[in-house]
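Structural characterization, general
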Amino acid sequence: MVAGMAEKLRVLFVDDDPAAARLYRSYLVAEGHEVMVADSGIEAVEATERGQFDVVVMDLNMPGLDGWMSMSLIKARRPKMPVVVLTGEVGKDLESRAKTAGAAGFLTKPCQPDALLRTLKKATAR
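Below is a short write-up of the structure. Keep in mind that what you see is a predicted model, and the values were worked out from it rather than measured.

1. Structural notes on the overall build of the protein chain
For the protein chain, the helix and strand inventory stands at five helices and five strands. Ordered by position from N to C terminus, the α and β elements of the protein chain give β-α-β-α-β-α-β-α-β-α. For 126 residues, the compact-globule estimate of 2.2 N^0.38 gives 14 Å, and the protein chain sits close to it at 13 Å. Here the C-alpha coordinates of the protein chain stretch approximately 40 × 30 × 25 Å along the principal axes. Within the span of the protein chain, comprising 126 residues, buried residues form 43% of the whole. When contacts within the protein chain are restricted to residue pairs at least 6 apart in sequence, long-range pairs at least 24 apart make up 61% of them. With an accessible surface of roughly 6,800 Å², the protein chain has 54% of that area assigned to carbon and sulfur atoms. One way to put it: in the protein chain the 17 positive side-chain charges average out to a point 6 Å from where the 17 negative ones average out.

Here you go:
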């Protein structure tokens, strides 16, 4: 690997908001990462069973299988898979609740792309 060059991450980006998914995906791809988008919790769980990802970025508030349940199912099947929460949801103790549930990082929308990148690097360095 060339010095200073970032490691290419395989990211599963889970969000039911297509605009947010497109925005963050385009930024991560421009930074040289591979990104697959899932628009539901069920699709995310199935994708982690089929494919190999370095990190999952998960919204919490989704119809059907929400981010909490999806993260729980992913962590049960792949305990070492880092899941970073990126949510528009705000609430007291939400970050500590997410970390207790197994999140390797927590960000709120809108989030600066460089903050997302730093969080992904920290989550995958563990």
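2. Focus: the pattern of salt bridges
For the coordinates displayed, the defined rule picks out seven salt bridges. Among the ionic pairs, lysine 8 bridges to glutamate 34, the shortest N-O distance being 3.5 Å. Of the two residues, lysine 8 sits in the segment before strand E1 (10–14) while glutamate 34 sits in strand E2 (residues 34–38), which places them 26 residues apart along the sequence. A salt bridge links glutamate 49 to arginine 77, with the shortest nitrogen-to-oxygen separation between them at 2.5 Å. Pair noted here: glutamate 49 is in helix H2 (residues 41–50) and arginine 77 is in helix H3 (residues 67–77), with a separation of 28 residues, a long-range link. One continuous salt-bridge network, built from bridges that share partners, spans Asp15, Asp59 and Lys109.

3. Let's talk about H2
Along H2, the residues classified as buried are Gly41, Ala44, Val45, Ala47 and Thr48. Here the buried residues of H2 occupy an arc of 160 degrees about the axis, which is enough to place them on one side. The inward-facing, buried residues of H2 contact E1, E2, strand E3 (55–58) and H3.

4. Details of the packing of H2 against H3
Two numbers describe a pair of packed helices, the interaxial angle and the distance between the axes. Interhelical geometry of H2 versus H3 gives an angle of 15 degrees and a closest axis separation of 9 Å. By the angle between their directions, the pair H2 and H3 is classed as roughly parallel. H3 is crossed by H2, and the crossing has right-handed handedness. Counting all contacts with H2, which are made through Gly41, Ala44, Val45, Thr48 and Glu49, the residues of H3 involved are Ser70, Leu73, Ile74 and Arg77. Partitioned by chemical class, the residues of the contact of H2 with H3 number four nonpolar, three polar and two charged.

5. Quick notes on the nonpolar core
Membership of the largest hydrophobic core comes to 22 residues, with the highest contact counts inside it found for Leu12, Val14, Ala44, Val56, Met58, Ile74 and Val85. Of all elements in the fold, only E1, H2, E3, H3, strand E4 (83–87), helix H4 (94–100) and strand E5 (103–108) reach the threshold of two or more residues within this core. Among all residues touching isoleucine 74, those that are not within four sequence positions of it are Ala44, Val45, Thr48, Met58, Pro79, Met81 and Val83. Counting residues in each nonpolar core, the second largest holds 20 residues, with Tyr24, Leu86, Leu116 and Ala123 among its members.

Procedures and definitions
- Residues numbered from 1 in each chain as written.
- Predicted model: local features only at pLDDT ≥ 70, side-chain atom pairs only at ≥ 80, totals over all residues.
- Heavy atoms only, no water.
- Helix = DSSP H or I, 4+ residues; strand = E, 2+ residues; numbered from the N terminus.
- Rg over C-alpha atoms; globule rule 2.2 N^0.38 Å.
- Buried < 20%, exposed > 50% of the residue type's maximum accessible area, 1.4 Å probe, protein only.
- Contact = heavy atoms within 4.5 Å.
- Areas by Shrake-Rupley, 256 points an atom, 1.4 Å probe, with all protein chains shown as cover.
- Lys, Arg positive; Asp, Glu negative; His and termini not counted.
- Charge placed at Lys NZ, Arg CZ, Asp CG, Glu CD.
- Salt bridge = Lys/Arg side-chain N within 4 Å of Asp/Glu carboxyl O.
- Arc of directions from axis to C-beta.
- Axes fitted to C-alpha atoms, helices over the stretch in contact; angles between N-to-C directions.
- Parallel < 35°, antiparallel > 145°, perpendicular 65-115°, else oblique.
- Left-handed = near helix turned anticlockwise from the far one by under 90°.
- Nonpolar A, V, L, I, M, F, W, Y, C, P; charged D, E, K, R; others polar.
- Core = buried A, V, L, I, M, F, W, Y, C linked by side-chain atoms within 4.5 Å.

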